[in-house]
Amino acid sequence: MHADLSPLITATATWLTRAYPPAGGAMSSALCDAQARQAVTAAALLRYPTPMDASLVAMAGPGGSARLDLLSNADRRTPVLPEQHAWRTWVDEVVASWAACLLSSAELASATVAGLADGASGAYRRLVSPDERDRQAAALLRHPDLLAPVAALHHGLLRARLGLPVPDMA
């Protein structure tokens, strides 16, 4: 992973787990966070595949969570106080959308992990083949209907990047 992507990955994974919180205690929280982090890492590496890409997004900034908050109603569940806003500026909308696609589609998760140049497909086990505990812990995070508004934002772009047919939305 490019070091420049660390703040983006952390913020985007945090946004996902706050918008779609775990079901249960500390173990569920850890399992949900691991799945979100794996999905966001895979999406970020696909979106920003070179050190130059990572450096450019680190310099320009990823854009923030404003539209995602509106789509997921996250801002209504947890009001954002001014002092809590800074980390949200590091959320990347495209990466969050792609991660939502990966979390809700085994096909896209497998295709993405297979296409990563980092060769560490085993590092994405919870994303690609979650066990029953993983699924229970991240029930909201993996629910296709709940993720649909976020996933739909950039679903076609993800499929195009993976070389998969892009469904006609006409």
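Residues numbered from 1 in each chain as written. Predicted model: local features only at pLDDT ≥ 70, side-chain atom pairs only at ≥ 80, totals over all residues. Heavy atoms only, no water.

Some thoughts on the overall build of the protein
For the protein, the count of helices and strands is 10 helices and zero strands. Element order for the protein, N to C, with α for helix and β for strand: α-α-α-α-α-α-α-α-α-α. By the burial criterion, 41% of the 170 residues in the protein qualify as buried. Taking contacts inside the protein between residues at least 6 apart in sequence as the whole, the part at least 24 apart equals 81%. Total accessible area on the protein is roughly 8300 Å²; 59% of this is exposed by carbon and sulfur atoms. (Helix = DSSP H or I, 4+ residues; strand = E, 2+ residues; numbered from the N terminus. Buried < 20%, exposed > 50% of the residue type's maximum accessible area, 1.4 Å probe, protein only. Contact = heavy atoms within 4.5 Å. Areas by Shrake-Rupley, 256 points an atom, 1.4 Å probe, with all protein chains shown as cover.)

Observations concerning the pattern of salt bridges
Using the criterion set out here, one finds six salt bridges in the structure. The partner of Arg159 in a salt bridge is Glu107, and the shortest N-O contact between them spans 3.9 Å. Remark: Glu107 occurs in helix α7 (residues 106-115) and Arg159 occurs in helix α10 (residues 144-161); sequence separation between them is 52 residues. You can call Glu107 partly exposed: its relative accessible area is 47%. A salt bridge links Arg135 to Glu132; the nearest nitrogen and oxygen atoms lie 4.0 Å apart. One end of the pair, Arg135, and the other, Glu132, are both in helix α9 (residues 132-137), three residues apart, so they sit about a helical turn from each other. (Salt bridge = Lys/Arg side-chain N within 4 Å of Asp/Glu carboxyl O.)

So, α10
With 18 residues, α10 extends just 21 Å between its outermost C-alpha atoms, more than 12% less than the 26 Å of an ideal straight helix rising 1.5 Å per residue. Residue Ala151 marks the point of greatest curvature in α10, where the axis turns by about 60°. Along α10, the positions that sit buried rather than exposed are Leu147, Val150, Ala151, His154, Leu158 and Arg159. On its buried face, α10 is in contact with α1 (6-19), α2 (26-47), α4 (66-72), α6 (93-104) and α7. Positive backbone phi, approximately 75°, marks Gly163, located one or two places after α10. (Expected span 1.5 Å × (residues − 1). Bend = angle between axes of the 7 residues up to and from the residue.)

Side note on the confidence of the model for the protein
Looking at the protein, the pLDDT average stands at 89 and 88% of residues meet or exceed 70. Helix α5 (residues 74-77) is the least confidently modelled element of the protein, averaging 55 in pLDDT, while α6 averages 98, the highest of any element. (pLDDT = per-residue confidence, 0-100.)

A few points about the side chain of Gln35
With respect to the helices and strands, Gln35 occurs in helix α2. A distance of 2.6 Å separates the side chain of Gln35 from the side chain of Arg142, its partner in a polar contact. Excluding anything up to four places from it in sequence, Gln35 contacts Leu103, Arg126, Pro130, Asp134, Ala138, Leu141 and Arg142. (Polar contact = N/O pair within 3.5 Å; in protein donor to acceptor, adjacent residues only side chain to side chain.)

Re a nonpolar patch on the surface
On the surface, Met52, Leu56 and Met59 cluster together into a nonpolar patch covering about 360 Å² of accessible area. By the element assignment, Met52 lies in helix α3 (residues 51-60). (Patch = residues over 30% accessible without salt bridge, like charges linked within 9 Å, V, L, I, M, F, W, Y side chains within 5 Å.)

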